[in-house]
Amino acid sequence: MIDLQPVCSLDNAHDLGVLGAEFCCVTHIDPADNFTRCYTFASCGTDQLLKIWRIYYTGHAKGEHFSSRLIPKSMQEHLCGSTAIYPTETMNAECVLSTQAHGSSVTGVKFNANGTLLFTCGMDKRVKVWDLQGNCLRTMGQHTRYVNAIAINADSTVVASGSNDRSVILWDLTGNLTTDSHITGLRNLLFKFASNHGEVPMDFVCPITHEIMKEPVIADDGFNYERSAIEQWFKMKPTSPMTNLELTTTDTIENVVLRGKIEKYLLSLDLDVFSDQ
């Protein structure tokens with residue numbers, strides 16, 4: 001087994017955690033030296049942000065080792081802006097775009113096939129289409145609960161979104177799909193279907209961890225959170241994870257009633273996550 005070592009670290013990329021990440025399949029060779037390979041990478045997280053990163057890999061050529069250097073300013077830099085640079089032996093990374101993408105946590109991000117568009121989904125129940133300059137080109141919202149998965153077809157004409165409301169929705173981005181493409185009726189909402197499985201009540205899920213809570217507490221914003229998660233959040237900033245507004249206090253109150261409901265629900269599934277407490 002090969003012992004792999006990290007060649008680049010994007011420290012503190014998102015507050016409290018990264019929920020989605022995607023490499024663009026299109027790469028470039030930097031014209032500054034006709035050797036360094038340029039990658040584009042997108043990430044999203046609980047801080048409601050979409051970030052685009054440019055990664056420059058120097059590597060080896062003809063037995064020679066090329067040391068890392070600063071991010072070049074070349075014609076390949078079709079993205080603007082800059083933040084911290086994280087140099088390693090052969091790779092540099094730079095955040096070239098950071099924008100608030102959704103009104104709550106951004107749960108997924110995808111590039112289209114030719115790397116010209118980005119698609120995001122979030123806990124605000126929406127799917128959005130972006131260009132690489134951070135402009136929102138389209139917003140789609142038919143789900144009744146948060147969206148946690150997206151997929152795009154090869155020619156970027158159809159987007160599929162999956163939600164905690166137990167549905168998958170297909171979106172026609174062109175308005176040109178017809179019965180000849182085996183899809184009938186609607187332009188935006190092509191079809192929707194629900195699974196036969198039950199769903200976890202949203203009130204039982206922490207909006208930070210996206211997991212069933214063991215110790216639910218109520219924060220000053222009126223929302224329930226897992227105690228350890230919201231305490232960690234408040235160590236970084238005294239704001240609401242749901243609204244991003246500053247709170248008057250970071251004190252929390254144990255939600256005994258909600259904890260009892262969660263315990264009863266888990267027992268009905270023959271699960272007992274509280275047995276170790």
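Structure: above.
Conventions adopted
- Residues numbered from 1 in each chain as written.
- Predicted model: local features only at pLDDT ≥ 70, side-chain atom pairs only at ≥ 80, totals over all residues.
- Heavy atoms only, no water.
- Disulfide = S-S within 2.5 Å.
- Core = buried A, V, L, I, M, F, W, Y, C linked by side-chain atoms within 4.5 Å.
- Buried < 20%, exposed > 50% of the residue type's maximum accessible area, 1.4 Å probe, protein only.
- Helix = DSSP H or I, 4+ residues; strand = E, 2+ residues; numbered from the N terminus.
- Arc of directions from axis to C-beta.
- Contact = heavy atoms within 4.5 Å.
- Salt bridge = Lys/Arg side-chain N within 4 Å of Asp/Glu carboxyl O.

Undergrad: Even after reading the chapter, I still don't get the state of the cysteines, so can you show me in this structure?
TA: One pass over the structure, following the stated rule, counts zero disulfides. Not part of a disulfide, C121 finds its nearest cysteine sulfur in C44, a span of 7.1 Å.

Undergrad: Just to check I follow, could you spell out the nonpolar core for this structure?
TA: Across soluble globular proteins, nonpolar side chains show a tendency to be buried alongside one another. Judged by nonpolar contacts, the single largest core of 16 residues is most densely connected at C206, I208, Y225, I230, F234 and I262. Counting residues per element, the ones that place at least two in this core are helix 1 (227-236) and helix 2 (256-268).

Undergrad: Any chance you could explain helix 1 here in plain terms?
TA: The periodicity of an α-helix, 3.6 residues per turn, causes residues three or four places apart in sequence to face the same way. Considered for burial, the residues of helix 1 that qualify are A229, I230, W233 and F234. Seen from one end, helix 1 has its buried residues packed into an arc of 130°, which puts them on one side. On its buried face, helix 1 is in contact with strand 16 (216-218) and strand 17 (224-226).

Undergrad: What's the story with the pattern of salt bridges in this structure? I'm lost.
TA: Side-chain pairing between opposite charges can occur once the charged atoms of the two side chains come close. Inspection of every chain in the model, using the stated rule, returns three salt bridges. E22 is the salt-bridge partner of K110, the closest N and O atoms lying 3.8 Å from each other. Of this pair, K110 sits in strand 8 (residues 106-111) while E22 is found in strand 1 (residues 18-23), placing the two residues 88 residues apart along the sequence. Accessibility expressed as a relative area gives 18% for E22, which makes it buried. Between E215 and R227 there is a salt bridge, and its shortest N-O distance comes to 3.5 Å. Of this pair, E215 sits in the loop between strand 15 (189-194) and strand 16 while R227 sits in helix 1, and the two are twelve residues apart along the sequence.

Scope: geometric values only; no functional claims are made or implied.
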